Amino acid sequence: MKRPPRIRVIGSINLDIVARVHTLPRPGETVSGGVLAHYPGGKGANQALAARKLGADVAMFGCVGNDSAAGQALALLEANHVDLTGVAILDGVATGVALIAVDAAGENQIVVAPGANALVSPGTLADLSGDYDATLCQLELPVETITYLADTVKGLLCINLAPAKPMPQEVLDRADILVVNETEAAFYGDQLNSSQALIIRTLGAEGAIALQNGKEIARSASPEVLPVDTTGAGDTFVGAFIVAFLSEGSVANALAYACAAGAAATLQAGAQTSMPSRDQVEALLDLTV
Ligand code: RIB
């Protein structure tokens, strides 16, 4: 593909309220001494920005509230020229918020208050008839909405099954590409195995594998990095994979590129603030063994 891939992302838009702490709290425990920051986030918006920063033309579809958090949540998408005409601003509901704790090793705990994301529906979504090379969804929207999208959108459909929740088999069957981490792969089990989709399984710092009809068809390691904050690394992986896959058509190369992008996204704090440029990904790709 000579021109930039055209990607539509239908998904969540959040404001991430992040406390950096030494150690993540256990249930019932209070951890003090946190350092507070606000970042744009949401799995949908993160994947949209990752794909855009890696060269795709991206249109974002979703909902925010009519509040000040919306401006903060959309700021980096806007600054990077993601098409936001498909983002509806809804009165009387809050923009989605994620409360995130990040520890000294870069690991996180996330609680999401979906707000306007829970109102993304056939009624609030803009016209979906546009022409795109791929549509990308995650599971931070209502199950009924994902089911509707699986029935409605034409062309290549990639679903990142995150966060895992019960989904009708027909949704998994409709997808051309399904992306899961290890927890999600265990959650979907046989449902995933019976899908004909290209399955991309991320393995954290170990890299990722691609499977088709239960057989491994490609595998990539991740470059070794010292993570600062892993928030948004999985989203960066997904955005990078789809851009590279559409651009080159090679699953193996796209997997290696996405692993390098995901690793690069752990090197700075925040979800969208850490998303790498093409140069940053290529520099890490050279280090992948
Ligand atoms: O995948 C990371 C994202 O999950 C965060 O940005 C947060 O908003 C939650 O949606």
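What comes next is a walk through the structure.

About the criteria used
Residues numbered from 1 in each chain as written. Predicted model: local features only at pLDDT ≥ 70, side-chain atom pairs only at ≥ 80, totals over all residues. Heavy atoms only, no water. Pairing = 2+ DSSP bridges. Helix = DSSP H or I, 4+ residues; strand = E, 2+ residues; numbered from the N terminus. Axes fitted to C-alpha atoms, helices over the stretch in contact; angles between N-to-C directions. Contact = heavy atoms within 4.5 Å. Buried < 20%, exposed > 50% of the residue type's maximum accessible area, 1.4 Å probe, protein only.

1. A short note on the sheet that holds strand E5 (residues 83-90)
Remark on secondary structure: sheet strands pair via backbone hydrogen bonds, oriented parallel or antiparallel.
Part 1 of the argument: Spatially, nine strands are ordered E5-E4-E1-E8-E9-E10-E11-E12-E13 in an open sheet, and the strand pairing comes out mixed. Because the sheet does not close on itself, it has two edges, and the strands there are E5 and strand E13 (215-220). Each strand axis lies, on average, 15° off the axis of its neighbour in the sheet, ignoring direction.
Part 2 of the argument: Pairing geometry for strand E9 (residues 156-160) and strand E10 (residues 177-180), over three bridges, is parallel. Each bridged residue has a counterpart across the sheet, and for Cys 158 the counterpart in E10 is Ile 177.
Part 3 of the argument: Packed onto the sheet, helix H7 (residues 251-264) meets strand E11 (198-202), strand E12 (208-212) and E13 and runs at close to 45° relative to E13.

2. Some words on unusual backbone geometry
Part 1 of the argument: With an omega of -10°, the peptide bond between Ala 162 and Pro 163 qualifies as cis.
Part 2 of the argument: Counting through the fold element by element, Pro 163 comes out in the loop between E9 and helix H4 (169-174).
Part 3 of the argument: Look at His 81: it is not a glycine, yet its phi comes out positive at around 60°.
Part 4 of the argument: Note on placement: His 81 falls in the loop between helix H2 (68-79) and E5.
Part 5 of the argument: Residue classification places His 81 among the exposed residues on the basis of a relative accessible area of 61%.

The quantities given are spatial measurements derived from coordinates; they are silent on function.
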